[in-house]
Amino acid sequence: MKILRAKCILCDRVDKIEAYSLLAKQLRKKRKLSYLCDECSERISDKTHERKQSNNFNLYEEEQTEDYIR
């Protein structure tokens, strides 16, 4: 079994991932894709969920334009 080592961008922890997993394939194909360990990912999602529940959360979305090619 081959193993890929990935380093978390927040806590600098190095995790071992199976080389043939979907995450490993995504990290190899798209070099700019950042890896987050499970703990950091869970912490960020919890904090985001808490902010959404408060009234201080604003979601800015891009305007949808309907440009059709003629």
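Look a little higher up for the structure.
Quick caveat: nothing in here was measured; it's all calculated off a predicted structure.

Chemist: Sorry, what's going on with the overall build of the protein here?
Modeler: Helix and strand content of the protein: two helices and two strands. In the protein, the succession of helices and strands from N to C terminus is β-β-α-α. Relative to the compact-globule value of 11 Å for 70 residues, the protein shows a C-alpha radius of gyration of 18 Å, a clear excess of over 25%. Referenced to the eigenvectors of the C-alpha coordinate spread, the extents of the protein come out at roughly 50 × 45 × 15 Å. Considering only intrachain contacts with a sequence separation of at least 6, the fraction spanning at least 24 residues in the protein is 31%. Working note: accessible area of the protein is about 7100 Å², and carbon and sulfur atoms make up 47% of it.

Chemist: Would you mind going over the nonpolar core with me for this structure?
Modeler: It is characteristic of soluble globular proteins that their nonpolar side chains tend to be buried jointly. Counting eight residues, the largest nonpolar core is built from Ala6, Cys8, Ile17, Ala24, Leu27, Tyr35, Cys37 and Cys40. Contacts of Cys40, omitting those with residues within four sequence positions, involve Cys8, Leu10 and Cys11.

Chemist: How do you make sense of a negative patch on the surface when you look at a structure like this?
Modeler: Together, Asp38, Glu42, Asp46 and Glu50 make up a region of like negative charge exposed at the surface. Summarising the element assignment, Asp38 is placed in helix H2 (residues 38-53). Of the residues examined, Asp38 reaches a relative accessible area of 62% and is grouped as exposed.

Chemist: It is not clear to me how the pattern of salt bridges should be interpreted in this structure. Could you clarify?
Modeler: One pass over the full model with this rule turns up two salt bridges. Between Asp15 and Arg13 there is a salt bridge; the shortest N-O distance is 2.9 Å. Residue classification places Asp15 among the buried positions, given a relative accessible area of 13%. Residue Glu39 is joined to Arg13 by a salt bridge in which the shortest nitrogen-to-oxygen separation is 3.2 Å. With Glu39 in helix H2 and Arg13 in the loop between strand E1 (3-7) and strand E2 (14-18), this pair connects stretches of sequence that are 26 residues apart. You can call Glu39 exposed: its relative accessible area is 54%. Connected through salt bridges with shared partners, the residues Arg13, Asp15 and Glu39 form a single ionic network.

Chemist: What am I meant to see in the pairing of E2 here?
Modeler: Across a regular strand the side chains alternate sides, sitting on one face of the sheet and then on the other. Because side chains alternate across E2, one face comprises the buried residues Asp15 and Ile17, and the other comprises Val14, Lys16 and Glu18, none of which is buried. In this sheet, E2 lies alongside E1 in antiparallel orientation, the contact comprising five bridges. The partner of Ile3 across the bridge, within E2, is Glu18. Where E1 folds back onto E2 in an antiparallel hairpin, the turn is made up of six residues, including Asp12, whose phi is positive at roughly 60°.

Cut-offs used in this document
- Residues numbered from 1 in each chain as written.
- Predicted model: local features only at pLDDT ≥ 70, side-chain atom pairs only at ≥ 80, totals over all residues.
- Heavy atoms only, no water.
- Helix = DSSP H or I, 4+ residues; strand = E, 2+ residues; numbered from the N terminus.
- Rg over C-alpha atoms; globule rule 2.2 N^0.38 Å.
- Contact = heavy atoms within 4.5 Å.
- Areas by Shrake-Rupley, 256 points an atom, 1.4 Å probe, with all protein chains shown as cover.
- Core = buried A, V, L, I, M, F, W, Y, C linked by side-chain atoms within 4.5 Å.
- Buried < 20%, exposed > 50% of the residue type's maximum accessible area, 1.4 Å probe, protein only.
- Patch = residues over 30% accessible without salt bridge, like charges linked within 9 Å, V, L, I, M, F, W, Y side chains within 5 Å.
- Salt bridge = Lys/Arg side-chain N within 4 Å of Asp/Glu carboxyl O.
- Lys, Arg positive; Asp, Glu negative; His and termini not counted.
- Charge placed at Lys NZ, Arg CZ, Asp CG, Glu CD.
- Pairing = 2+ DSSP bridges.

From the geometry alone we can't say anything about function, so treat these as descriptive.
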